[in-house]
Amino acid sequence: MRFRHPDGSTVHLAYCTNVHPAETLDGVLAQLRDHCEPVRRRLGRDRLGIGLWLAKDAARALVTDPAALRGLRCELERRGLEVVTLNGFPYEGFGAEEVKYRVYTPDWADPERLEHTAALARVLAGLLPEDVTEGSISTLPLAWRTAYDDERAETARTALRTLAERLDALEELTGRSIRVALEPEPGCVVETTRDAIAPLTAVGHDRIGICVDTCHLATSFEDPGTALDDLARAGVPVVKSQLSAALHAEQPHLPEVRAALAAFAEPRFLHQTRTATAAGLRGTDDLDEALAGDALPDAGPWRSHFHVPLHAVPAAPLTSTLPVLTSALTRLVGGPHPLTRHLEVETYTWQALPPELRPRGRAQLADGIAAELTLARDLLTDLGLKELP
């Protein structure tokens, strides 16, 4: 979906396909048929943007076979879909029964992360619509925190500098400008937007910036205005933003609140949980850890990294951080010029919701994704953006 900003520029809205597990190119093509096109039809749109997730094997098939890349591009056009952004964070296995810590490997100290991201950039340059010259890729925020020392940090910085050089060369070759965005996430080396400033300043290239995920932002109790002001002062570009909402519990000390939270503790993904205290942010790596005894202070609200559907606020006594998303979006695109032109709804946890909230079948999932995009569209038009055909 495209929108005209009051300054005349085009803002793109997509939804991320990592909600539909696929490891191979055939699986990606099936996603377009079984999920993406039905969402477009529900929205009554001739064209729908998707934030494509390409696992390792699918990316390699496309980058090594020009015919396969042309075939994917033709299939996108045939189904009324377009791609200006990729989700390059998960490397493989995101549809596995247990993902947890696996999603953070390989990290940016591993050469495979550089090669995979460079391959994604080449693929994206070949998928961009004819009238679009800028693409974006979100990626792992360097590494999970526990296996990261000074040597690995320098290796990661070198890899990002090398990537920037390759992106420069790619633009010279194709005329397409691809930028890569570290996506801060709780528990990682870069947990917050402020954590991103030093490493990105050290890399020192405007092709490498930040992806503001509004669920992660909220989970770490960051104020959107302060975060975006800090990035602007540091000269760190906001390459893209993922529109998502975290799980919020206002009174986690109450037994009924704990019981409600327990329904969201599940075995597939990590749900890092945080609370803000006078001594600073406190947290656990997963929701079930927070619920175990006194692992996390409960005098103030808890937020958990669980991407809840934007349009469906959890039932009381829980809620979501949709207000943080709304505040961030106002700053991102509500000013005289957009801070980013790539927005992506990313709720990959539909099938991890408590059983009674999960979609039953493809049709209900498509209905839910279309409802999320409708909410996002309404937020954008309320900010003065005009939906384009």
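Criteria and cut-off values
- Residues numbered from 1 in each chain as written.
- Predicted model: local features only at pLDDT ≥ 70, side-chain atom pairs only at ≥ 80, totals over all residues.
- Heavy atoms only, no water.
- Helix = DSSP H or I, 4+ residues; strand = E, 2+ residues; numbered from the N terminus.
- Polar contact = N/O pair within 3.5 Å; in protein donor to acceptor, adjacent residues only side chain to side chain.
- Contact = heavy atoms within 4.5 Å.
- Salt bridge = Lys/Arg side-chain N within 4 Å of Asp/Glu carboxyl O.
- Buried < 20%, exposed > 50% of the residue type's maximum accessible area, 1.4 Å probe, protein only.
- Core = buried A, V, L, I, M, F, W, Y, C linked by side-chain atoms within 4.5 Å.
- Pairing = 2+ DSSP bridges.
- Axes fitted to C-alpha atoms, helices over the stretch in contact; angles between N-to-C directions.
- Phe/Tyr/Trp six-rings, centres within 6.5 Å; stacked < 30°, edge-to-face > 60°.
- Lys NZ or Arg CZ within 6 Å of the ring centre and 35° of its normal.
- Expected span 1.5 Å × (residues − 1).
- Parallel < 35°, antiparallel > 145°, perpendicular 65-115°, else oblique.
- Left-handed = near helix turned anticlockwise from the far one by under 90°.
- Nonpolar A, V, L, I, M, F, W, Y, C, P; charged D, E, K, R; others polar.

### Notes on the side chain of His248
Next up, step 1: Position of His248 relative to the elements: it lies in strand S9 (residues 245-249).
Next up, step 2: Reaching out from His248, the side chain makes a polar contact with the side chain of Glu250 at a distance of 2.8 Å.
Next up, step 3: Ignoring anything within four residues of it in the chain, the contact list for His248 reads Pro301, Trp302, Arg303, Leu318, Thr319, Ser320 and Thr321.

### Quick word on the pattern of salt bridges
Close approach of charged atoms allows side chains of opposite charge to pair.
Next up, step 1: Evaluation of the coordinates by the stated rule reveals 33 salt bridges.
Next up, step 2: With a closest N to O distance of 2.8 Å, Glu75 and Arg79 form a salt bridge.
Next up, step 3: For Arg79, a relative accessible area of 11% gives the class buried.
Next up, step 4: Between Asp378 and Arg377 there is a salt bridge, and its shortest N-O distance comes to 3.4 Å.
Next up, step 5: Via salt bridges that share partners, Glu37, Arg40, Arg41, Glu75, Arg78 and Arg79 belong to a single interconnected network.

### As for the nonpolar core
Next up, step 1: Core analysis: the biggest nonpolar cluster contains 121 residues, and Leu13, Tyr15, Leu54, Trp108 and Leu373 have the highest contact counts within it.
Next up, step 2: Per-element accounting of this core gives the leading share, 9 residues, to helix H12 (residues 362-382).
Next up, step 3: Dropping the residues within four chain positions of it, Leu54 is found in contact with Val28, Ala59, Leu62, Leu86, Asn87, His116, Leu120 and Val123.

### Remarks on the environment of Glu112
Next up, step 1: Along the chain, Glu112 turns up in helix H4 (residues 111-127).
Next up, step 2: Sequence separation of Glu112 and Tyr91 is 21 residues, and the distance between their C-alpha atoms is 9.6 Å.
Next up, step 3: Those residues in contact with Glu112 that lie beyond four places of it in its chain are Arg60, Tyr91 and Pro106.
Next up, step 4: In terms of polar contacts, Glu112 uses its side chain to reach the side chain of Tyr91, at 3.0 Å.

### Quick look at the pairing of strand S12 (residues 302-308)
Along any regular strand, the residues point their side chains to alternate faces of the sheet.
Next up, step 1: With 7 of 7 residues buried, S12 is to be regarded as a mostly interior element.
Next up, step 2: Covered by surrounding structure in S12 are Trp302, Ser304, Phe306 and Val308 together with Arg303, His305 and His307, the residues of both alternating faces.
Next up, step 3: Direction of pairing for S9 relative to S12: antiparallel, over a ladder of 4 bridges. Within S12, the position partnered with Ala249 by the bridge is Trp302.
Next up, step 4: Examined bridge by bridge, strand S10 (residues 273-277) and S12 share 2 bridges and lie antiparallel to one another. Bridge pairing in S12 links Thr273 to Ser304.

### Considerations on the sheet that holds strand S11 (residues 280-284)
Next up, step 1: Within the open sheet, the 5 strands sit side by side as S11-S10-S12-S9-S13. Their pairing is antiparallel. At either margin of the open sheet sits one strand with a lone partner, and together these are S11 and strand S13 (318-320). In this sheet, neighbouring strand axes are inclined to one another by 30° on average, regardless of whether the strands run parallel or antiparallel.

### Some remarks on the environment of Asp229
Next up, step 1: Residue position: Asp229 is located in helix H8 (residues 224-234).
Next up, step 2: Among the residues examined, Asp229 registers a relative accessible area of 31% and is labelled partly exposed.
Next up, step 3: C-alpha separation for the pair Asp229 and Arg331, spaced 102 residues apart in sequence, amounts to 9.6 Å.

### Things to note about the packing of aromatic side chains
Next up, step 1: Tallied over the entire structure, the rule returns 8 aromatic pairs.
Next up, step 2: Among the aromatic residues, those joined into a cluster by ring pairs are Trp53, Phe94, Phe269 and Tyr348.
Next up, step 3: We note Arg303 situated over the ring of Phe221; from NZ or CZ to the ring centre the distance is 4.4 Å.

### Some words on helix H6 (residues 193-203)
Next up, step 1: Inspection of H6 places Thr193, Ala196, Ile197, Pro199, Leu200 and Val203 among the buried residues, and these make up the whole buried set.
Next up, step 2: Along its buried surface, H6 packs onto helix H5 (150-174), strand S6 (177-182), strand S7 (208-213), helix H7 (214-219) and H8.
Next up, step 3: Gly204 sits one or two positions beyond H6 and adopts a positive phi of about 65°.

### Focus: the environment of Leu383
Next up, step 1: With respect to the secondary-structure elements, Leu383 resides in the loop between H12 and strand S15 (386-387).
Next up, step 2: With a relative accessible area of 25%, Leu383 lands in the partly exposed category.
Next up, step 3: Counting along the chain gives 247 residues from Leu383 to Ser136, while the straight-line C-alpha distance between them is 23 Å.

### Comments concerning H12
Next up, step 1: Between the first and last C-alpha of H12 there are 30 Å, a value that for 21 residues agrees with the 30 Å anticipated at 1.5 Å per step.
Next up, step 2: Turning to H12, its buried residues are Leu365, Ala366, Gly368, Ile369, Ala370, Glu372, Leu373, Leu375, Ala376, Leu379 and Leu380.
Next up, step 3: Just beyond H12, the residue with positive phi is Gly384, at close to 100°.

### A closer look at the packing of helix H2 (residues 56-64) against H4
Next up, step 1: As a packed pair, H2 and H4 sit with axes 9 Å apart at the nearest point and diverge in direction by 55°. As judged from the angle between their axes, H2 and H4 are oblique. Judged by the sense of rotation from one axis to the other, the crossing of H2 with H4 is left-handed. Residues Lys56, Ala59, Arg60, Leu62 and Val63 of H2 touch H4, and the partners they reach there are Glu112, His116, Ala119, Leu120, Arg122 and Val123.
Next up, step 2: Tallied by class, the residues present in the contact of H2 with H4 amount to 6 nonpolar, 1 polar and 4 charged.

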